[in-house]
Amino acid sequence: AGPCDIYASGGTPCVAAHSTTRALFSAYSGSLYQVRRGSDGATTNIGPLSAGGVANAAAQDSFCTSTTCLITTIFDQTGRANHLTQAPPGGFSGPEANGFDNLAAADGAPVTLNGQKAYGVFISPGSGYRNDATNGIAVGDAAEGMYAVLDGTHFNDACCFDYGNGETSARDTGNGHMEAIYFGNSRVWGTGSGNGPWVMADLENGLFSGVTTGLNSANPTMTQRFVTSVVKGEPGTWAIRGGNGASGALSTFYSGARPNVAGYNPMHREGAIILGIGGDNSNGAQGTFYEGVMTSGYPSDATENSVQANIVAARYATTSLTSGPAITVGSTVSLRATTACCTTRFLAHTGTTVNTQVVSSSSTSALKLSASWTVVAGLANSACVSFESRDTPGSFIRHANFVLLVNANDGSKLFHEDATFCPKVGLNGQGNSIRAWGYPTRSIRHFNNLGYIASNSGVHDFDSATSYNDDVSWVVGAAFA
Ligand code: AHR
Ligand code: AHR
């Protein structure tokens, strides 16, 4: 049985079921998600390998060979057509054309389920999915449940990495107009014990860790690599639950009365579905989504406990985040551009500015050092790498507003993330393309001889699709110095 078979047996059927990693009904063999590739704009739908099975990641890999791919649709598996697509502007606008949010990279969150490769949805700040015209999702004070499997190591404190019930206008229409799972370490509203991240409920104008937006010390920090998160609500009552998505049982972090603040009892839910954003399209948050559902009716704890057992049995596990020629931690390297204009140019820096410069064995030792980098374990994720400046130890290549800089490591979570890069096979067939860990749609690019993290088309000049594959492919060789 799949999670939605379990909910149906419990009398609380799924009315939305989303996953890029697996079918959530044992009989489901339809499409899980759609990807669009950068080379020609073509799309393809990815289904499970067999009914009820794991996604056909190999089909994605083959379709996306030598180009970029974005996740355009996450299909609803219930037959209600509650699909998730690129979120439109609302109270806040997204960074994409016409105020839409960004789409997620198709290869940003590789994992395995029972040893078979699949991809989750890696939400960077600015990304989000939504459906404002749903079928069967709870409105008003009607009973509903939901769960999501998330990455407990990918979060931030911005508003709001959510999955669940939001406003159909994408605007903040008041207290109680949403009821969604939130995951992150925002301290603006509720908090749990420790430093976070926490599973909370976004009920609009507040992230609730329990009955109030204050501290609920029964709500623990959840840093497991895979986190099962649960929120449910019915008239007068609601609950937050959570557990390790790879082992063990769910615990109840809160169960009881609705908040004693106007608007939350009864609830005024509107029945849109959001992923990776707040109800009003607040889009500063980040996180990774693997699977999730929304139900009609208030699931029993026993039903949810069976769903948790099913998630554990799916055996989510990590897999390599890198591909292509090895860029070995501890080595010192140079990175040579491969675009025809620029094959004598290497990634270098002048002060804090990252650029490309013509460097050769007869260059000055200062220039050689400025184009030489020490590879260290990724500051935010040791499965990837960071590049420390040879002439300025303690300073690293990082991005800020998508521009590459060489800055001193200030020890912050943001710096560590901005300085972490995951090499993959070079998009033009040479060397490596080096994607930003936190923005997997973006890779290190030279553009007018300056360094950026660029996507394959987009709103910035440096996102130009012209010569994208060449500009993001680098031959990694021995350091000059
Ligand atoms: O409730 C927290 C956030 O507040 C909601 O997600 C958003 O709509 C509002 O800004
Ligand atoms: O480069 C993109 C983002 O811009 C970085 O993560 C952050 O430092 C800045 O806001």
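Residues numbered from 1 in each chain as written. Chains lettered and ligands numbered in written order. Predicted model: local features only at pLDDT ≥ 70, side-chain atom pairs only at ≥ 80, totals over all residues. Heavy atoms only, no water.

Caption draft 1: Expanded view of the site of ligand 2. As a matter of local geometry, ligand 2 sits amid Arg398, His399, Ala400, Asn401, Phe402, Leu414, Asp418 and Tyr439. In this structure, an oxygen atom belonging to ligand 2 sits 2.6 Å away from a side-chain N or O atom of His399. Phe402 has a polar backbone atom sitting 2.7 Å from an oxygen atom of ligand 2. Taking 280 Å² as the accessible area of ligand 2 by itself, protein coverage stands at 78%. The cavity that encloses ligand 2 is the second largest pocket. The set of elements that each furnish at least two residues to the shell around ligand 2 consists of β26 (395-400) and α5 (413-418). Here the shell around ligand 2 gets 3 residues from one element, more than from any other, and that element is β26. Partitioned by chemical class, the residues of the shell around ligand 2 number 4 nonpolar, 2 polar and 2 charged. (Near = heavy atom within 4 Å. Polar contact = N/O pair within 3.5 Å; in protein donor to acceptor, adjacent residues only side chain to side chain. Areas by Shrake-Rupley, 256 points an atom, 1.4 Å probe, with all protein chains shown as cover. 1 Å grid on protein atoms, 1.4 Å probe; cavity = no way out; pocket = protein on both sides within 12 Å on 5 of 7 lines; lining within 4 Å. Sits in = over half its atoms within 2 Å of the grid points. Helix = DSSP H or I, 4+ residues; strand = E, 2+ residues; numbered from the N terminus. Nonpolar A, V, L, I, M, F, W, Y, C, P; charged D, E, K, R; others polar.)

Caption draft 2: Quick look at the confidence of the model for the chain. On average, residues of the chain score 98 in pLDDT, and 100% of them reach the 70 mark or higher. Here the predicted complex scores 0.98 on pTM and 0.83 on ipTM. (pLDDT = per-residue confidence, 0-100.)

Caption draft 3: Region of interest: helix α3 (residues 301-313). The end-to-end C-alpha distance of α3 is 18 Å, a good match for the 18 Å that 13 residues give at a rise of 1.5 Å each. Of all the residues in α3, the buried ones are Thr303, Glu304, Val307, Gln308, Asn310 and Ile311. Looking straight down α3, one finds its buried side chains confined to an arc of 160 degrees; they lie on one side. Away from its buried face, by an angle of more than 90 degrees, α3 presents the exposed residues Ala302 and Ala313. In this structure, the buried residues of α3 make contact with α1 (3-9), β10 (144-151), β15 (226-234), β16 (237-244), β19 (287-296) and β20 (316-318). (Expected span 1.5 Å × (residues − 1). Buried < 20%, exposed > 50% of the residue type's maximum accessible area, 1.4 Å probe, protein only. Arc of directions from axis to C-beta. Contact = heavy atoms within 4.5 Å.)

Caption draft 4: Just the pattern of salt bridges, in detail. All chains considered together, the criterion is met by 17 salt bridges. Residues Arg269 and Glu144 are paired through a salt bridge, measuring 3.1 Å at the closest nitrogen-oxygen approach. Placement of the pair is Arg269 in the loop between β17 (251-257) and β18 (272-275) and Glu144 in strand β10, with a sequence separation of 125 residues. Per residue, the accessibility class of Arg269 equals that of Glu144, and both read buried. Among the ionic pairs, Arg225 bridges to Asp151, the shortest N-O distance being 3.2 Å. With Arg225 in the loop between β14 (207-208) and β15 and Asp151 in strand β10, this residue pair connects regions lying 74 residues apart in the sequence. Overall, the relative accessible area of 24% leaves Arg225 in the partly exposed class. Here the salt bridges do not stand alone but share partners, grouping Glu144, Glu179, Arg258 and Arg269 into one network. (Salt bridge = Lys/Arg side-chain N within 4 Å of Asp/Glu carboxyl O.)

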